[in-house]
Amino acid sequence: MLHSGLSEGERFDAWRQLKTGERRVAVGARSVVFAPVKNLGVIVVDEEHDATYKQNEAPRYQARDVATVRAIKEGAICILGSATPSLESWHNREKGKFHYIGLPDRVGGGSLPPVHTVDLRKELQNNKSSIKSGDDASMVLSPVLKEAMGVRIARREQTLLLLNRRGYSSFVQCRSCGGVENCTKCSISLTYHRNRGQMVCHHCGQSKKALARCSSCSSSDLSFKGMGTEQVERIVNETFPGVRVARMDLDTTSGKWSHQEILGRVERGEVDILLGTQMISKGLDFPRVTLVGVINADVGMHLPDFRSSERTFQLLSQVAGRAGRGSLGGEVFIQTFLPEHYVLQAALKHDYMGFARKEMSQRQNPAYPPFVRLVNVVINSPDNECAADNIEMATRFLDLAKKRMNIGGEVGVVGPAPCPIEKIHDRWRWHFLVRSASVSALNQLIGPLTKEFKTKGRDVRLIVDRDPSSLL
Ligand SMILES: [Zn+2]
Ligand SMILES: [Zn+2]
Ligand SMILES: [Zn+2]
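Digging into the overall build of the protein
Within the protein one finds 14 helices and 19 strands. The globule rule puts the C-alpha radius of gyration for 472 residues at 23 Å, and the 24 Å found for the protein is close to it. The buried share of the protein, reckoned over its 472 residues, is 46%. In the protein, the share of contacts with a sequence separation of at least 24, taken over all contacts with a separation of at least 6, comes to 70%. Of the roughly 24,400 Å² of accessible surface on the protein, 51% is carried by carbon and sulfur atoms. Of the side-chain charges in the protein, 65 are positive and 51 negative, and the distance between the mean point of each set is 2 Å.

Given below as structure tokens:
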């Protein structure tokens, strides 16, 4: 077992034992793909679609790609496993690069649970009066979901509730002046954490005491927008007094064993409702979980990132798969403002192939992976103008290189523009995207950019991110 908790000595011993063949199997997260296993026979990449296989700090690499390349080099077999494969892998299968092996039956038998959508637009219509008065509990737990939860509580079965946003509310807006409290170091709003009484930046971690009044106009008429798990927890507790609720998100699992501790309580039946972020969607197998509710499926849908639909589909499919794993059966309710969207339609039917077909056609024009390879070139600096100047210079550098190499037709450049999150941790960020269907053309161009391009000004950083997992 290779993991980040090993000391250097322990890691050395493990590597030596693998190298000599004394140990023959290495298990671990991303970096285990480099383990010096002797006579390598098989590499298994489980949940191959998971974004954590991409390391987003230098050295940047995609462990799934390393695995396939290494397997070819060492004459081993590489098995990529997933119920919702990445479109990159699906595309490789369509091109005949990968063999496809289907597992039509669910592990342990049983059928996939029925999935229902709850149209939040209708709930909004039905609840206009109560929402105006500031009580929007029915938008959090719609009547059908609430009823289904009540049935589970009466039967002593368990419910999972997913909301992929932690904290109490992701931004606090003043009703008088419209002002929103932003992080002073990043260009994003601060998340209100009610239990801690703090406003926290989810990008740089900076926090400050939450105020009862607007910091620009001192009005106390604040509205808490962008509901998070803490708020759902409060509403669930108020709706079902006395019911045992556990919350699992980054904020409740910072301790070393807290993750295991929460799951242990669920397993022993000491929890009626487990509520959390995407953490609760992965791998849990509890036979008494017969209901899964998604509080708001649209949370990740509108991010300015070409993978937002894919991520949402994966998340919904995974969490839906947590229901009805035992003989008791199960069902799933997904609350959404977009019930007609193809992501929701496919999730309803557990239809990965239908989703993949539709999403592939979306990625063709304009071209996005898997049809092209992308390189995200980011320049950041404490000085916004300086970052903007440098990204212009880098764009010109690339243009000239393209002309010189005569590969202008094969490689496209989009931008430059400010990154969707313009500032993180007091550094302004600008970027452009380089895209091409030809890996060699991309390499020809990106090589000189990383080796020869010189930034101008002080404290300017150039980041060249190949196959970026996120464009934010
Ligand atoms: Zn937080
Ligand atoms: Zn105000
Ligand atoms: Zn920040």
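Notes on the coordination of the zinc ion (ligand 2)
In the first shell of the zinc ion (ligand 2), the protein supplies Cys174 (SG), Cys177 (SG), Cys214 (SG) and Cys217 (SG), at 2.3 Å from the metal. One can describe the site at the zinc ion (ligand 2) as tetrahedral: its 4 donor atoms subtend angles covering 102 to 115° at the metal. Every donor residue of the zinc ion (ligand 2) comes from the same chain, spaced as C-x2-C-x36-C-x2-C. By relative accessible area, Cys177 is classed as partly exposed at 42%.

Brief notes about the domain arrangement of the protein
Segmentation of the protein into domains returns domain 1 (8-82), domain 2 (106-163 + 241-363), domain 3 (167-227) and domain 4 (373-466). Between domain 1 and domain 2, the C-alpha centre-to-centre distance is 32 Å. With 4 residues of domain 1 at the contact, the number on the domain 2 side is 4 residues. For the pair domain 1 and domain 2, the two sides together bury roughly 310 Å², of which 36% comes from carbon and sulfur. Three residues stand out in domain 1 for area buried against domain 2, namely His49, Asp50 and Ala51, and they jointly supply 86% of the buried area on that side. Taken together, the links from domain 1 to domain 2 amount to 1 salt bridge. Note that Lys282 and Asp50 form a salt bridge whose closest N and O atoms lie 3.2 Å from each other. Where domain 1 meets domain 2, there are 2 residue pairs in polar contact (both at pLDDT 80 or more). Here the residues of the side of domain 1 that touches domain 2 are counted per class, giving 1 nonpolar, 1 polar and 2 charged.

So, the coordination of the zinc ion (ligand 3)
Within the protein, the atoms that donate to the zinc ion (ligand 3) are Cys183 (SG), Cys186 (SG), Cys201 (SG) and Cys204 (SG), at distances of 2.3 Å. Around the zinc ion (ligand 3), the 4 donor atoms sit at angles spanning 106 to 115°, and that spread fits a shape best called tetrahedral. Here the donor residues of the zinc ion (ligand 3) are spaced in sequence according to C-x2-C-x14-C-x2-C. Of this pair, Cys186 sits in the loop between β7 (169-174) and β8 (191-193) while Cys204 sits in the loop between β9 (198-200) and β10 (207-209), and the two are 18 residues apart along the sequence.

What about the packing of aromatic side chains?
The tally for this structure, following the rule as stated, stands at 11 aromatic pairs. With 6.1 Å between their ring centres and 85° between their planes, Tyr168 and Phe224 make a pair best called edge-to-face. Linking Tyr168 in the loop between β6 (158-162) and β7 with Phe224 in strand β11 (residues 222-227), this pair joins segments that are 56 residues apart in sequence. The class of Tyr168 is buried, set by a relative accessible area of 5%. Put simply, the rings of Trp90, Tyr100, Phe313, Tyr342, Tyr352 and Phe355 pair up and form one aromatic cluster. Above the face of the Trp90 ring, Arg93 is positioned so that its terminal group lies 4.5 Å from the ring centre. A cation over an aromatic ring shows up here: Arg93 above the ring of Tyr100, its NZ or CZ 4.2 Å from the ring centre.

Observations concerning the environment of Glu57
Following the sequence through the fold, Glu57 ends up in the loop between β2 (54-55) and β3 (61-62). Taking the relative accessible area as the measure of exposure, Glu57 reaches 60% and is therefore exposed. C-alpha separation for the pair Glu57 and Leu433, spaced 376 residues apart in sequence, amounts to 18 Å.

Considerations on the nonpolar core
Formed by 37 residues in total, the largest nonpolar core has its most connected members in Leu274, Leu316, Ile334 and Val343. Beyond its immediate sequence surroundings of up to four residues, Leu316 is in contact with Val294, Ala297, Ile334, Val343, Leu344 and Ala347. Counting 25 residues, the second largest nonpolar core, distinct from the first, contains Ile379, Ile446, Phe453 and Val460.

Description of the sheet that holds strand β19 (residues 461-466)
Spatial ordering of the open sheet is given by β17-β18-β16-β19, a layout of 4 strands whose pairing is antiparallel. Two strands in the sheet have a free side with no partner beyond their single neighbour: β17 (411-424) and β19. On average, each strand axis in the sheet is tilted by 20° relative to the strand beside it, whichever way the strands run. Relative to strand β18 (residues 427-436), β17 runs antiparallel, the two being bridged by 8 bridges. Residue pairing in the sheet places Lys423 in a bridge with Trp428 of β18.

A closer look at the environment of Ala387
Relative to the helices and strands, Ala387 is located in helix α13 (residues 384-405). Owing to a relative accessible area of 0%, Ala387 belongs among the buried residues under this scheme. Taking C-alpha positions, Ala387 is 9.3 Å from His431, a pair spaced 44 residues apart along the chain.

Remarks on a nonpolar patch on the surface
Together, Val42, Val44, Ile77 and Ile79 make up a nonpolar patch on the protein surface, roughly 370 Å² of accessible area in all. Among the elements of the structure, β1 (42-46) and β4 (77-81) are those that each provide at least two residues to the nonpolar patch. Here Val42 is to be found in strand β1. Look at Val42 and you get partly exposed, because its relative accessible area is 46%.

Comments concerning the pattern of salt bridges
For the structure on display, the rule yields 27 salt bridges. When the shortest N-O distance is used, the salt bridge between Arg70 and Glu74 registers 2.9 Å. Residue class for Arg70 comes out buried when judged on its relative accessible area of 14%. The exposure class of Glu74 is partly exposed, given its relative accessible area of 39%. One network of salt bridges, in which partners are shared, links Arg152, Arg155, Glu157 and Glu331.

Calculation criteria
- Residues numbered from 1 in each chain as written.
- Chains lettered and ligands numbered in written order.
- Predicted model: local features only at pLDDT ≥ 70, side-chain atom pairs only at ≥ 80, totals over all residues.
- Heavy atoms only, no water.
- Helix = DSSP H or I, 4+ residues; strand = E, 2+ residues; numbered from the N terminus.
- Rg over C-alpha atoms; globule rule 2.2 N^0.38 Å.
- Buried < 20%, exposed > 50% of the residue type's maximum accessible area, 1.4 Å probe, protein only.
- Contact = heavy atoms within 4.5 Å.
- Areas by Shrake-Rupley, 256 points an atom, 1.4 Å probe, with all protein chains shown as cover.
- Lys, Arg positive; Asp, Glu negative; His and termini not counted.
- Charge placed at Lys NZ, Arg CZ, Asp CG, Glu CD.
- Donors = N, O, S within 2.8 Å, 3.2 Å for Na, K, Ca; no water.
- Tetrahedral: all angles 85-135°; square planar, octahedral: opposite > 155°, others 65-115°.
- Domains from an automatic or database assignment.
- Buried area = accessible area lost by both parts, 1.4 Å probe.
- Salt bridge = Lys/Arg side-chain N within 4 Å of Asp/Glu carboxyl O.
- Polar contact = N/O pair within 3.5 Å; in protein donor to acceptor, adjacent residues only side chain to side chain.
- Nonpolar A, V, L, I, M, F, W, Y, C, P; charged D, E, K, R; others polar.
- Phe/Tyr/Trp six-rings, centres within 6.5 Å; stacked < 30°, edge-to-face > 60°.
- Lys NZ or Arg CZ within 6 Å of the ring centre and 35° of its normal.
- Core = buried A, V, L, I, M, F, W, Y, C linked by side-chain atoms within 4.5 Å.
- Pairing = 2+ DSSP bridges.
- Axes fitted to C-alpha atoms, helices over the stretch in contact; angles between N-to-C directions.
- Patch = residues over 30% accessible without salt bridge, like charges linked within 9 Å, V, L, I, M, F, W, Y side chains within 5 Å.

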